[in-house]
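Observations on chain architecture
Okay, here's what each chain looks like letter by letter:
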2 protein chains.
Amino acid sequence: MALGKDYVTQECSIARALEVVGERWTLLVVRDAIYGVRRYNDFLVHLGIPRAVLSARLRTLTEEGILEKRRYQQSPPRDEYVVTERGAALWPVLRALGHWGREHVDATRLRSFRHADCGGEVEPYGTCAACGTLVAVRDVVMVPGPELDPDPADPVSRALLRPKRLLEPLETDPAHLAD
Amino acid sequence: MALGKDYVTQECSIARALEVVGERWTLLVVRDAIYGVRRYNDFLVHLGIPRAVLSARLRTLTEEGILEKRRYQQSPPRDEYVVTERGAALWPVLRALGHWGREHVDATRLRSFRHADCGGEVEPYGTCAACGTLVAVRDVVMVPGPELDPDPADPVSRALLRPKRLLEPLETDPAHLAD
DNA sequence: GGGGTCAGTTCAATGACCGAACCGTAAGAC
DNA sequence: GTCTTACGGTTCGGTCATTGAACTGACCCC
């Protein structure tokens, strides 16, 4: 955050959280990271975010321990940004936001989330409708809904058209999208 | 939101939600409203927010149907801002944020939330630790913790030093604070 | 050497936010 | 009737953040 004073007078853990993830774009970067996006360029085209802002957000999210910068090839040197435990712990926040958006902003069902073990739908509060267990992030499968644009422009959106387990890296390689 | 384009490329209910409540200060205003703050001046002193920004947020939150402007006295004309159903539905988002802040930013336990019916603690996912039911916002009692400043400067923080049921109007009248 | 990809940085322009000052209505004190 | 205070704003100049476009640099392949 950091604009003059942050939420300085606030003795409140909600304000503390918002000081870390309350800036514009930040939660969308975390959402994408949880969806499996890891590369600078993939965040860029999927979010439509200005490059300078993306660089700034990736830097502060890394400093805050929400993402981890990790070299995945030496030549040319390439880094990827992977969600940490701390970042994955933001999943309930994103789920709650998404649920509110679907209920109170726009009713279209763009995606649904299912329990990988039993296929039951993950309910607003994070439990599985079928088996009742509290579903951990890594056991959630994102399933695209019928109202999603079937032919999006960017490769990341295209890769997200198929069911995908959260946290696992997103495969934008066209070879994988063909099969 | 509204800065150039909003999150325009985003086909996602999380982005939709953030277009409505993603601006700086917005979620803190909603939090205060759920805590029972209703008057312009009370928001002002409790948040330490610039007046112009508060006016703007109250206006857009009212337009979005998250708060409702309501005349509570005719002379002098005075309005209060009361959370609607739609606003109260943001409670799970705030609870999730607060939980993340407490777990991953600052471990101090500033406040806890309890089920009004049985006194059990409301868990991160909204259920009561004692009786297991999913606790609705209006059945939550906010209980101040020991690490909260015992003698805050503003009357709203002072009023929030005593246990308080969410959504009910906050009483900042000194007469009530004395007993 | 030329062209392409990726991951950034730099920069001028615009928009949002900040703090302080001002304003209008009305109540209550004197 | 005048003075003071409280409340709920608006206005304004300055600062900070965000934007989009252009540029950089490292590397690969042909």
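Residues numbered from 1 in each chain as written. Chains lettered and ligands numbered in written order. Predicted model: local features only at pLDDT ≥ 70, side-chain atom pairs only at ≥ 80, totals over all residues. Heavy atoms only, no water.

1. Things to note about the relation of the copies chain A and chain B
Here chain A sits on chain B after a turn of 180° about the axis and a move of 0.0 Å along it, with an RMSD of 0.0 Å. Between the two chains, the operation in question is that of a two-fold axis. Both copies contact each other with a shared surface, as 100% of the interface residues of chain A are interface residues in chain B too. (Least-squares fit on C-alpha atoms with pLDDT ≥ 70 in both. Contact = heavy atoms within 4.5 Å.)

2. Brief notes about the domain arrangement of chain A
Residues and elements named next belong to chain A. Looking at the assigned domains, one finds that chain A contains domain 1 (13–86) and domain 2 (90–168). A straight line from the C-alpha centre of domain 1 to that of domain 2 covers 20 Å. Roughly 1300 Å² is buried in total at the junction of domain 1 and domain 2, and carbon and sulfur atoms are behind 72% of that figure. On the domain 1 side of the contact with domain 2, Ile-34, Tyr-35 and His-46 bury the most area, a combined 49% of that side's loss. At the junction of domain 1 and domain 2, the tally comes to 1 salt bridge. Residue Glu-85 pairs with Arg-138 through a salt bridge whose shortest N-O separation is 3.0 Å. Taken together, the links from domain 1 to domain 2 amount to 3 residue pairs in polar contact (both at pLDDT 80 or more). Ranked by the residues each element gives to the side of domain 1 that touches domain 2, the list is headed by helix 2 (residues 26–35), at 5 residues. (Domains from an automatic or database assignment. Buried area = accessible area lost by both parts, 1.4 Å probe. Salt bridge = Lys/Arg side-chain N within 4 Å of Asp/Glu carboxyl O. Polar contact = N/O pair within 3.5 Å; in protein donor to acceptor, adjacent residues only side chain to side chain. Helix = DSSP H or I, 4+ residues; strand = E, 2+ residues; numbered from the N terminus.)

3. Thoughts on the packing of aromatic side chains
All names here are of chain B. Within this structure, the stated rule accounts for 2 aromatic pairs over all chains. Plain terms: the ring middles of Trp-91 and Phe-113 are 5.2 Å apart, the flat faces sit at 70° to each other, and that makes the pair edge-to-face. Remark: Phe-113 occurs in strand 3 (residues 111–115) and Trp-91 occurs in helix 6 (residues 91–104); sequence separation between them is 22 residues. Residue Trp-91 is classed as buried on the basis of its relative accessible area, which comes to 4%. (Phe/Tyr/Trp six-rings, centres within 6.5 Å; stacked < 30°, edge-to-face > 60°. Buried < 20%, exposed > 50% of the residue type's maximum accessible area, 1.4 Å probe, protein only.)

4. A few points about the environment of Leu54(B)
Residue and element names in this part refer to chain B. Within the fold, Leu-54 resides in helix 4 (residues 51–63). Since its relative accessible area comes to 0%, Leu-54 is described here as buried. Once the C-alpha coordinates of Leu-54 and Ala-17 are considered, the two residues, 37 residues apart in sequence, prove to be 20 Å apart. Residues within four places of Leu-54 in sequence aside, it is in contact with Val-29, Tyr-40, Phe-43, Leu-44 and Ile-49.

5. Brief notes about the interface of chain A and chain B
Across the contact, 52 residues belong to chain A and 52 residues belong to chain B. Summed over both sides, the interface between chain A and chain B buries roughly 4800 Å², with carbon and sulfur atoms accounting for 64% of that surface. If you sort the residues of chain A by the area they bury against chain B, Arg24(A), Trp100(A) and Tyr125(A) come out on top, with a joint share of 16%. In this structure, the connection of chain A to chain B is made through 2 salt bridges. Asp106(A) is the partner of Arg16(B) in a salt bridge, and the nearest nitrogen-oxygen pair spans 2.6 Å.

6. Here we look at the sheet that holds strand 3 (residues 111–115) of chain A
All names here are of chain A. With antiparallel pairing, the 3 strands of this open sheet are ordered in space as 3-4-5. In this open sheet, the two edge strands, each paired with only one partner strand, are strand 3 and strand 5 (164–165). Relative to strand 5, strand 4 (residues 140–144) is paired through 2 bridges, and the arrangement is antiparallel. When the sheet's bridge partners are listed, Val-141 is paired in strand 5 with Arg-165. (Pairing = 2+ DSSP bridges.)

7. As for the pattern of salt bridges
Scanning the entire structure with this criterion turns up 22 salt bridges over all chains. A salt bridge links Arg70(A) to Glu68(A), with the nearest nitrogen and oxygen atoms 3.9 Å apart. Taking relative accessible area as the criterion, Glu68(A) reaches 39% and is therefore assigned partly exposed. Its salt-bridge partner being Asp79(B), residue Arg71(B) comes within 3.0 Å of it at the nearest N-O pair. Counted as one network, the salt bridges with shared partners bring together Arg109(A), Arg114(A) and Glu121(A).

8. Some words on the pairing of strand 2 (residues 78–83) of chain A
Note: strand 1 (residues 67–73) of chain A against strand 2 of chain A, 6 bridges, orientation antiparallel. By the bridge assignment, Lys69(A) is partnered in strand 2 of chain A with Tyr81(A).

9. Points about the packing of helix 1 (residues 13–21) of chain A against helix 6 of chain B
Two numbers describe a pair of packed helices, the interaxial angle and the distance between the axes. The geometry of helix 1 of chain A relative to helix 6 of chain B is characterised by a closest axis approach of 7 Å and an angle of 80° between their N-to-C directions. Of the possible angle classes, the one that applies to helix 1 of chain A and helix 6 of chain B is roughly perpendicular. Judged by residue contacts, Ser13(A), Ile14(A), Ala17(A), Leu18(A), Val20(A) and Val21(A) of helix 1 of chain A engage Leu94(B), Leu97(B), Gly98(B), Trp100(B), Gly101(B) and Arg102(B) from helix 6 of chain B. (Axes fitted to C-alpha atoms, helices over the stretch in contact; angles between N-to-C directions. Parallel < 35°, antiparallel > 145°, perpendicular 65-115°, else oblique.)

10. Focus: helix 2 of chain A
In an α-helix, one turn spans 3.6 residues, which is why side chains three or four residues apart end up on the same side. Among the 10 residues that make up helix 2 of chain A, 10 are buried, leaving the element largely enclosed by the rest of the structure. Phi turns positive, to about 110°, at Gly36(A), one or two residues after helix 2 of chain A.

11. Remarks on the state of the cysteines
All names here are of chain B. Inspection of every chain in the model, using the stated rule, returns 0 disulfides over all chains. With no disulfide of its own, Cys-118 lies 3.3 Å from the sulfur of Cys-128, the closest cysteine sulfur. Note on Cys-131: no disulfide assigned, nearest cysteine sulfur contributed by Cys-128 at a separation of 3.6 Å. (Disulfide = S-S within 2.5 Å.)

12. Description of helix 4 of chain B
Residues and elements named next belong to chain B. With 13 residues, helix 4 should reach 18 Å at 1.5 Å per residue; the first-to-last C-alpha distance of 18 Å fits that figure. Those residues of helix 4 that are buried are in contact with helix 2 (26–35), helix 3 (40–47), strand 1 (67–73) and strand 2 (78–83). Phi for Gly-65, located one or two positions after helix 4, is positive at around 75°. (Expected span 1.5 Å × (residues − 1).)

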